[in-house]
Amino acid sequence: MDKWTPADIVAEAEAEITEIDWIAAGAAIASISAVGIALGLGLPLLSVILERRGISATMIGANTAVAGAASLLAAPLITPIARVIGVRVAMLAAIVLCGVSAIGFYLATAFWMWFPLRLVFHFSITALFVLSEFWINAAAPPGRRGFILGIYATVLSLGFAAGPWIFSQVGSSGFLPFGIGAGVIFASAIPLFFAWNRQPLLGKHRSGAFWRFIFSVPTATGAVLVFGAVEAGGFALFPIYGERIGFTEGSAALLLTAIGLGNVLMQIPIGLVSDKVADRRTLLSLFAFVGLAGTLCLPLLAENWWLMAGVLFVWGGVVAGLYTVGLAHLGSKLSGSELASANAAFIFCYSAGMLIGPQAIGSSMDLFGNNGFSWALAVFFTAYLLLTLARLANSRYRT
């Protein structure tokens with residue numbers, strides 16, 4: 001490089017920093033673990049309770065879709081809120097609201113009350129997700145950021161796997177599952193106090209930056225939108241699907257654990273592979289194809305729990321790669337402040353998927369029966385596969 005700018009000098013200096021602020025990173029990772037467990041436990045738990053009360057799959061999907069609406073609302077607002085009150089206070093407020101609303105689901109008897117509770121619960125979840133990720137990035141030096149984010153992804157995946165396992169052990173009756181969920185959330189505040197004086201500083205707001213990046217890297221934002229739809233809709237409605245095809249409540253929940261374990265064990269290998277490929281969009285298109293194939297195989301596996309668990313283990317890990325590799329693809333195209341704004345748009349698209357997925361899958365099950373679960377998922381994977389293939393073809397045509 002012939003001419004160094006001030007930004008280049010700062011970037012070079014940052015690259016030499018190798019010390020990790022483990023206290024700050026640990027506080028943020030603890031919050032992420034609470035997010036994973038709360039979602040992994042809460043989504044199937046609430047769906048099973050509503051099913052027992054005689055609520056239709058369409059209405060269960062509609063109630064679950066409030067999670068996506070809350071996240072869509074939260075994504076553009078969380079950073080401005082944290083800029084005013086500070087990252088640590090915003091995270092503590094989110095923990096309190098999240099834990100209280102978790103208990104509220106147990107106390108609320110009328111179905112309509114679950115809609116505002118979902119709004120508060122998932123607004124808080126989104127706040128913890130966004131601010132924890134920002135704090136982790138701030139605590140990790142550039143040269144070791146991949147290592148820290150690998151821990152972050154693994155802990156989040158472990159939370160998603162632990163949630164359904166806890167559900168399979170304690171069931172859906174009584175206060176216990178709600179108390180466990182709320183207790184985990186409240187406990188995540190403890191490491192936050194240890195890192196109270198280590199909060200990261202937020203930069204100045206850049207007008208219009210958020211919305212522009214939704215469409216700037218469509219293969220990345222499309223990947224996370226599909227992942228959000230499949231994750232939220234699948235986790236919420238799979239227990240119902242599993243029971244309808246003959247599995248018990250506990251065995252259906254354990255199938256969700258198999259998906260979560262696949263996510264935990266496969267993300268680091270997937271990340272290593274993604275660093276070797278010339279174009280990550282090729283890998284993303286492969287993941288979409290595997291997701292589509294696995295989804296279409298579900299009706300054929302209904303008679304064999306172990307075979308379905310094995311397929312879902314691989315399927316869950318590969319599909320979760322849409323998020324991991326999609327985020328890596330985003331990072332390969334953008335940097336600096338642009339990447340920060342794009343990451344907010346990335347989370348927004350994930351939230352949009354959470355809004356679309358449960359409603360689409362629930363309606364498909366009501367319209368087409370049990371197979372509607374697989375067919376709805378297949379539509380999402382097919383649409384994204386077509387997008388990635390079109391983008392690859394377009395780039396090759398240009399060259």
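In what follows, the structure referred to is the one given above.
Residues numbered from 1 in each chain as written. Predicted model: local features only at pLDDT ≥ 70, side-chain atom pairs only at ≥ 80, totals over all residues. Heavy atoms only, no water.

Draft legend 1. How the structure looks around the overall build of the protein. Each helix and strand counted, the protein has 15 helices and zero strands in total. The long-range share in the protein, meaning contacts at least 24 apart out of those at least 6 apart in sequence, stands at 85%. Split by element, the accessible area of the protein, about 17,000 Å² in all, is 69% carbon and sulfur. (Helix = DSSP H or I, 4+ residues; strand = E, 2+ residues; numbered from the N terminus. Contact = heavy atoms within 4.5 Å. Areas by Shrake-Rupley, 256 points an atom, 1.4 Å probe, with all protein chains shown as cover.)

Draft legend 2. Region of interest: the packing of helix 3 (residues 57-85) against helix 10 (residues 218-244). Put simply, helix 3 and helix 10 touch, their axes get as near as 10 Å, and they point 155° apart. As summarised for this structure, helix 3 and helix 10 are arranged roughly antiparallel, according to the angle between their axes. Classified by chirality, the crossing of helix 10 by helix 3 is right-handed. Across the interface between the two elements, Ala 57, Ile 60 and Thr 64 of helix 3 pack against Ala 232, Ala 236, Leu 237, Ile 240 and Arg 244 of helix 10. Residue classes in the contact of helix 3 with helix 10 are distributed as six nonpolar, one polar and one charged. (Axes fitted to C-alpha atoms, helices over the stretch in contact; angles between N-to-C directions. Parallel < 35°, antiparallel > 145°, perpendicular 65-115°, else oblique. Left-handed = near helix turned anticlockwise from the far one by under 90°. Nonpolar A, V, L, I, M, F, W, Y, C, P; charged D, E, K, R; others polar.)

Draft legend 3. Focus on the packing of aromatic side chains. In this structure the tally under the stated criterion is 16 aromatic pairs. Between Tyr 106 and Phe 178 the ring centres are 5.7 Å apart and the planes differ by 50°, which places this aromatic pair in the tilted class. Highlighted residues: Tyr 106 in helix 4 (residues 87-107) and Phe 178 in helix 7 (residues 176-187), separated in sequence by 72 residues. Given a relative accessible area of 37%, Tyr 106 falls into the partly exposed group. An aromatic cluster is built from Phe 129, Phe 227, Tyr 323, Phe 346 and Tyr 350, whose rings are joined through pairwise contacts. (Phe/Tyr/Trp six-rings, centres within 6.5 Å; stacked < 30°, edge-to-face > 60°. Buried < 20%, exposed > 50% of the residue type's maximum accessible area, 1.4 Å probe, protein only.)

Draft legend 4. Structural view of the nonpolar core. With 119 residues, the main nonpolar core has Leu 322, Phe 373 and Phe 381 as its most contacted residues. Residue-level mapping places this core at the junction of two domains, with at least three residues from each of domain 1 (15-204) and domain 2 (206-398). (Core = buried A, V, L, I, M, F, W, Y, C linked by side-chain atoms within 4.5 Å. Domains from an automatic or database assignment.)

Draft legend 5. Spotlight on the environment of Ser 132. Structurally, Ser 132 is set in helix 5 (residues 114-139). Given a relative accessible area of 0%, Ser 132 falls into the buried group. Expressed as a C-alpha distance, the spacing of Ser 132 and Ile 32, which sit 100 residues apart in the sequence, is 6.5 Å. In contact with Ser 132, not counting residues within four places along its chain, are Ala 28, Ser 31, Ile 32 and Met 91. A polar contact is formed between the side chain of Ser 132 and the backbone oxygen of Leu 128, at a distance of 2.6 Å. (Polar contact = N/O pair within 3.5 Å; in protein donor to acceptor, adjacent residues only side chain to side chain.)

Draft legend 6. Spatial organisation of the packing of helix 2 (residues 22-52) against helix 7. For the pair helix 2 and helix 7, interaxial distance at closest approach is 9 Å and the crossing angle is 160°. By the criterion of interaxial angle, the relationship of helix 2 to helix 7 is roughly antiparallel. In terms of crossing hand, the pair formed by helix 2 and helix 7 is left-handed. Residues Ala 34, Ile 37, Ala 38, Leu 41, Leu 45, Leu 46 and Ile 49 of helix 2 form the contact with helix 7, whose own contacting residues are Pro 177, Phe 178, Gly 181, Val 184 and Ile 185. Taken together, the residues of the contact of helix 2 with helix 7 break down into 11 nonpolar, one polar and no charged.

Keep in mind these numbers describe shape, not what the thing actually does.
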